[in-house]
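Residue-level structure breakdown
Below, each chain spelled out in residue letters.
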Amino acid sequence: MKVVAGFLFLTSLLKGCISGSSEICPGSNADKHAKCSMTVTFPSANCSVVSYEILSRLRGLNGWIDPHNQGTYELLEEDKERNQITASRLTGDRKYTDKFQFGLTGIDGK
């Protein structure tokens, strides 16, 4: 949850796109792990705007850092055909790695 909130805290500026799906999960090789899914709708921004914001924060553009504990983000895959972004976050204390995936779908289905 915090990863998504960390990326998308400017929700009032973004609209026109749905991010998330219960059908996508990057999975884990760990014996014990957690899973959650959520759908977020941005009624006034298209998916390219939302995708750009996610990728910009993954790359730390414009000085953006993880507000929780300065974790390190890594883009694992950007699948433009399926409109999916897969990434990971290593916590600031370097103890845990979160793997997450965004699936973007336009409100009009595009």
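What comes next concerns the included structure. Note that residues are indexed from 1 along each chain, following the sequence as it is written. Reporting of local features is limited, given that this is a predicted model, to residues whose pLDDT is at least 70; pairs of side-chain atoms are given and counted only at 80 or more, and all residues count toward the totals for whole chains, interfaces and linings. Excluding hydrogens and water, the side-chain figures rest on all heavy atoms present in the structure.

Turning to the overall build of the protein chain, a few remarks are in order. Each helix corresponds to a stretch of at least 4 residues labelled H or I by DSSP, and each strand to a stretch of at least 2 residues labelled E; elements are numbered beginning at the N terminus. Across its full length, the protein chain holds two helices and five strands. Along the chain direction, N to C, the helices and strands of the protein chain fall in the order α-β-β-α-β-β-β.

Take unusual backbone geometry next. Positive phi, normally seen in glycine, also occurs at Gln70, with a value near 55°. Within the fold, Gln70 resides in the loop between helix 2 (47-58) and strand 3 (72-79). Unusually for a residue other than glycine, Arg94 sits at a positive phi of about 60°. Structurally, the position occupied by Arg94 is in the loop between strand 4 (84-90) and strand 5 (97-106).

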